[in-house]
Amino acid sequence: MACRGSGVQIPLAPHMNKNVNDEREHAAYDFAYVQEKWLPVWDQLQPFKSGRADDVREKKYVLDMFPYPSGDLHMGHAEAYALGDVIARYWIQKGFNVMHPIGWDAFGLPAENAAIKRNSDPRIWTYENIAVQKASMRRFACSFDWDRVFNTCDPEYYKWNQWLFLKLHERGLAYRKDSAVNWCPGCQTVLANEQVVAGLCERCDSTVTKKKLNQWYFKITDYADRLLDDMAQLEGQWPEKVLMMQRNWIGRSSGANVSFVIEGRKDPVTIYTTRPDTLYGATFMVVAADSELAAELVVGTGVEKEFGAYLEKIKADSDIDRLATDRPKSGVFLNRFAINPVNGAQLPIWASDYVLADYGTGAIMAVPAHDQRDLDFAKAFNLPVVVVVETGEEDPSVSGVATGGDGKLINSGALNGLNKADAISAINVQLENDGLGKSARNYRLRDWLVSRQRYWGTPIPIIHCPSCGEVPVPEAQLPLTLPDAEGLDLKPKGTSPLGAATEWVNVECPKCGAAAKRDTDTMDTFVDSSWYYLRYPSSTVHDQPFLKKDIETWLPVDQYVGGVTHAILHLLYSRFFTKVLNDMGMVNFNEPFTRLLNQGMVVMDGSAMSKSRGNLVRLSDELEHHGVDAIRLSMVFAGPPEDDVDWSDVSPSGSVKFLTRAWRLSGDVTSAPGVDFSTGELSLRRATHKALNDASFAVESFRFNVAIARVMELVNATRKAIDSGCGPADPAVREAVEATAIMLSLVAPFTAEEMWERLGHKPAVALAGWPVVDPQLLVADSVEAVIQINGKIKERIDVPPTITDGELEALALAHPTIVAELGANAPKKVIARAPKLVNIVA
RNA sequence: GCCCCGAUAGCCCAAUGGCAGAGGCAGAGGACUUAAAAUCCUCCCAGUGUGGGUUCGACCCCCACUCGGGGCACCA
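This report concerns the structure included in the present document.

The rules behind these values
- Residues numbered from 1 in each chain as written.
- Chains lettered and ligands numbered in written order.
- Predicted model: local features only at pLDDT ≥ 70, side-chain atom pairs only at ≥ 80, totals over all residues.
- Heavy atoms only, no water.
- Helix = DSSP H or I, 4+ residues; strand = E, 2+ residues; numbered from the N terminus.
- Buried < 20%, exposed > 50% of the residue type's maximum accessible area, 1.4 Å probe, protein only.
- Contact = heavy atoms within 4.5 Å.
- Areas by Shrake-Rupley, 256 points an atom, 1.4 Å probe, with all protein chains shown as cover.
- Lys, Arg positive; Asp, Glu negative; His and termini not counted.
- Charge placed at Lys NZ, Arg CZ, Asp CG, Glu CD.
- Core = buried A, V, L, I, M, F, W, Y, C linked by side-chain atoms within 4.5 Å.
- Pairing = 2+ DSSP bridges.
- Axes fitted to C-alpha atoms, helices over the stretch in contact; angles between N-to-C directions.
- Parallel < 35°, antiparallel > 145°, perpendicular 65-115°, else oblique.
- Left-handed = near helix turned anticlockwise from the far one by under 90°.
- Nonpolar A, V, L, I, M, F, W, Y, C, P; charged D, E, K, R; others polar.
- Arc of directions from axis to C-beta.
- Near = heavy atom within 4 Å.
- Polar contact = N/O pair within 3.5 Å; in protein donor to acceptor, adjacent residues only side chain to side chain.
- Salt bridge = Lys/Arg side-chain N within 4 Å of Asp/Glu carboxyl O.

## Looking at the overall build of chain A
- Scanning chain A from terminus to terminus reveals 27 helices and 32 strands.
- By residue count, 52% of the 842 residues in chain A fall in the buried class.
- Contacts spanning at least 24 positions in sequence make up 72% of the contacts within chain A whose residues lie at least 6 apart.
- Total accessible area on chain A stands at roughly 36600 Å², and carbon and sulfur atoms take up 51% of it.
- Both charge centroids of chain A, one from 87 positive and one from 108 negative side chains, sit 1 Å from each other.

## Here's the deal with unusual backbone geometry
- For the bond running from Leu-478 to Pro-479, omega is 0°, close enough to zero to count as cis.
- Following the sequence through the fold, Pro-479 ends up in the loop between strand S20 (469-472) and helix H15 (502-505).
- In this model, Pro-763 is joined to Ala-764 through a cis peptide bond whose omega is 10°.
- Take Ala-764: it is sitting in the loop between helix H25 (749-758) and strand S29 (783-789).
- With a phi angle near 60°, Ala-141 is a residue other than glycine that sits in the positive phi range.
- Tracing the sequence through the fold places Ala-141 in the loop between helix H5 (122-139) and helix H6 (155-170).
- With a relative accessible area of 3%, Ala-141 lands in the buried category.

## Quick look at the nonpolar core
- Counting residues in hydrophobic clusters, the biggest one holds 182 residues, and the most contacted among them are Phe-165, Phe-218, Trp-448, Tyr-532, Leu-534, Phe-576 and Trp-647.
- In terms of residue count, helix H3 (residues 75-93) provides more of this core than any other element does, eleven residues in total.
- Ranked by size, the runner-up nonpolar core spans 38 residues in total, among them Val-258, Ala-282, Val-332 and Ala-351.

## Structural notes on the sheet that holds strand S26 (residues 602-604)
- Taken in spatial order, the three strands line up as S27-S26-S28 in an open sheet, and their pairing is mixed. Each having just a single partner strand, strand S27 (607-608) and strand S28 (645-646) make up the two edges of the open sheet.
- The sheet contact formed by S26 and S27 spans two bridges and is antiparallel. Its bridge partner lying in S27, Met-604 is registered against Ser-607.

## A short note on the packing of helix H22 (residues 682-700) against helix H24 (residues 731-744)
- Viewed as axis vectors pointing N to C, H22 and H24 meet at an angle of 15°, and their least axial separation amounts to 8 Å. Considering their axes alone, H22 and H24 lie roughly parallel with respect to each other. Where H22 crosses over H24, the two elements pack in a sense that is left-handed. Taken together, the residues of H24 that come into contact with H22 (itself represented by Leu-684, Arg-685, Thr-688, His-689, Ala-691, Leu-692 and Ala-695) are Ala-732, Val-733, Glu-735, Ala-736, Ala-739 and Met-743.
- Residue composition of the contact of H22 with H24, grouped by class: nine nonpolar, two polar and two charged.

## Structural notes on helix H19 (residues 619-626)
- For H19, the set of buried residues is Leu-619, Glu-622, Leu-623 and His-626. Down the axis of H19, the smallest arc covering the buried residues is 100°, so these residues share one side. Turned more than 90 degrees off the buried face of H19, the exposed positions are Glu-624 and His-625.
- Looking at the buried residues of H19, the elements they touch are helix H2 (31-45), H3, helix H20 (628-637) and helix H21 (652-668).
- Just downstream of H19, Gly-627 is the residue with a positive phi angle, here 90°.

## Overview of the pairing of strand S8 (residues 253-262)
- Of the strand pairs in this sheet, S8 and strand S16 (residues 437-442) are connected by six bridges, and their pairing is antiparallel. Residue pairing across strands places Ser-253 opposite Asn-442, the latter belonging to S16.
- Judged from the five bridges that link them, S8 and strand S9 (residues 269-273) form a sheet pairing that is antiparallel. Residue pairing across strands places Phe-260 opposite Val-269, the latter belonging to S9.
- The turn linking S8 back onto S9 is made up of six residues, and Gly-264 within it adopts a positive phi angle of 80°.

## Concerning the protein's contact with RNA strand B
- What surrounds RNA strand B is a group of 49 residues, the closest being Thr-274, Arg-327, Arg-373, Arg-661 and Arg-796.
- When atoms of RNA strand B within 4 Å of the protein are sorted by moiety, sugar and phosphate together comprise 62%.
- Taking Ala-638, its main chain carries an N or O atom lying 2.9 Å from a sugar or linking oxygen of RNA strand B.
- At a separation of 3.3 Å, a base oxygen of RNA strand B approaches a polar side-chain atom of Arg-833.
- Its residues assigned to classes, the surface near RNA strand B comprises 18 nonpolar, nine polar and 22 charged.

## Some thoughts on the side chain of Thr-152
- Turning to its location among the elements, Thr-152 is positioned in the loop between H5 and H6.
- At a separation of 2.8 Å, a polar atom in the side chain of Thr-152 contacts the main-chain amide nitrogen of Ala-106.
- Those residues within four positions of Thr-152 in sequence are excluded, and the remaining contacts are Phe-66, Trp-104, Asp-105, Ala-106, Phe-107, Tyr-157, Tyr-158 and Asp-528.

## With respect to the pattern of salt bridges
- Taken as a whole, this structure holds 40 salt bridges when the rule is applied.
- Asp-43 serves as the salt-bridge partner of Arg-138, at 2.8 Å between the closest nitrogen and oxygen. Here Arg-138 is found in helix H5, whereas its partner Asp-43 is found in helix H2, with 95 residues between them in sequence.
- By relative accessible area, Asp-43 is classed as partly exposed at 40%.

If you want it as structure tokens, here you go:
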């Protein structure tokens, strides 16, 4: 590394005559040196420490999604943390009391898999990686408050996972049930619905199968309506895309439950439909083949054998097979009949896999004329099609296309002549009056399956006692720590490795003292991340998960930053936890993240980076070649933050060039610190204040690339002022360069700090404060107004910015060019938009 | 199949109904230099995916389509 004194320029050729020009020419910006110089200074100053008791500034809680410690930081982390840093550092400069913490989402499968591979303890791998990432974050100059760090695999943290689990259990929100669950044969564990992506395990891409198991669930469906309705608060604050995805995921639908009498069965069967208006068009009934109802209905019908064979066949089908769009309909006639409650029609009952056992009631009325799936089924098995809504389209039994649109009801008794909406209300009233049905809602959202058959997670704090049943581990015994991995076989085998820790598993029942066993499953790691943001303000507190006082001071999170990959899972679960805690009186708000920014991905040559694709760009290489600041700048300047950054489109060397250019300005300033800016040259002062004003606005609306463009403009203007304008001694030059350093501190902290020192100031520039913009300097002396005739520009004139519409119109009409253009024709209409434009309609 | 988002110069992107160009990359020329690099200056380049509509005026609003990206996917 080049050895240079701080801020002192050593000419490359010491014998050369030294003058201002030489210094500028020969000074080289050495980013490696500057990085090494400032890191220890910042360690000392701790500019980002938050939460001093005497702090009276308004708070801002800026949060980056915490990382999983799966190795060193990569390009994606670099982008995410560069963006989060711009926001956190901006609010600090703007005078807010900012908390910007970090921690590690440290439980999970990769650690366990690495441990299996190396035959070691997942703890070791995890804490080693955390140390590596932490060191990289420091070098990357993340503005984190290092006093609040925690890892979710620390017993001091997961103790509170267990505590929260027990609170949910108390409230009936954590429960066990038998059900056909998503099973990943690769990971040998169950998966939440949210972790199954297109039929594959989101982690290992194995084909997910179904397995009947007894598992723990969180009752998130109790909160479906609130999760949906409270999104109104997030409108405009969260990306519309994320809100849309959450709405679709929750998938609320409204319709009606209708009872159908079944011949030879005591109780009627209830079906759910969103189209009760088409009740007269029902020509058969379908029950989910894998439902208990189907199994019951088939008994004694003589088709048991056929049904059994069908059931075997569909169980063998994977989710992938089910997802095929052109999959032909299949099913078995159960040799039984239901009676249509409105017209007494006898409807054959079929069992099929196109009806889901766990949605609605697991049974439907089939209206083939107006539902494509029912129509496909009717065609496959030659069942009748009755049109009850006249839409003007071709008869579905001929076209093969069900008509789902609006129209006039026909063949429907009292509903005849009504449109869809009116028919739905009318039939709902009728059904309710006759005791045959009522309006109902259903959700796509299912309860959250939280138990996992793996080692590296939070042990579920429940003891199973033969006589007392599920007994919570007493609060005083928390944390229930994981048994030592030593001696345990962590290899996936379908049951939890914890089961082999005999001494750990076998305990006395806390209630009756009898021999009992611990629950051997661990919690889904998404439990850990569902509430971690509540803990940062109280991270050193160990007798409570978080302090009420801290929550009231800091929460909710003002700005959350992270990848769109968490649009459903993590964000939905966090919202759910917040609502539960709100109900428990532990937090005084019901949405955890006020504002959300989703950054895009960093890709290379149009596709996601991967070793196998051979397009992996190593963050460490980029940092070494171009420096931290240039990489941060390149990330932020590449385009809007939500867009993907294609690294082949960005120019880190261009960033280096710009930073050098900015840095060089700081060496050119010859006025003294503290000089009165008000006497400075006016046009440069205007440029400075406009840049400050525009950059503020751009940062606040997440257009960081635009903010940087404004700084570039100011740097260009300042260069020009120094070289061929007011000269380096003018106070306006100092004002411009100081503003540049402060604005650059959001994205290029090392360069900014170095500039700040060369300008004669003490660190840290991060705390210098955003200069106050003088509104008078934002108004120009005169502006150019354009005069149009029929929208075409005919003339440009200089006018005072304060000109009124009337004055501008008069000026335009009196202008010789316009007079000549118009000739004898009087203008039909004149639109004036002072001070920028007049349009004359001739 | 349904839903959402996008398309502006060779490339990345600005322009929130009012002059299509802020900024950058790439390219060309020049100044400085013995030369090169670095630096500084100047220049080049599109009429906004296609077709209609609304408006005095449309990249921007509306309708239809093409292409690209994303989400959901037998949820009755």
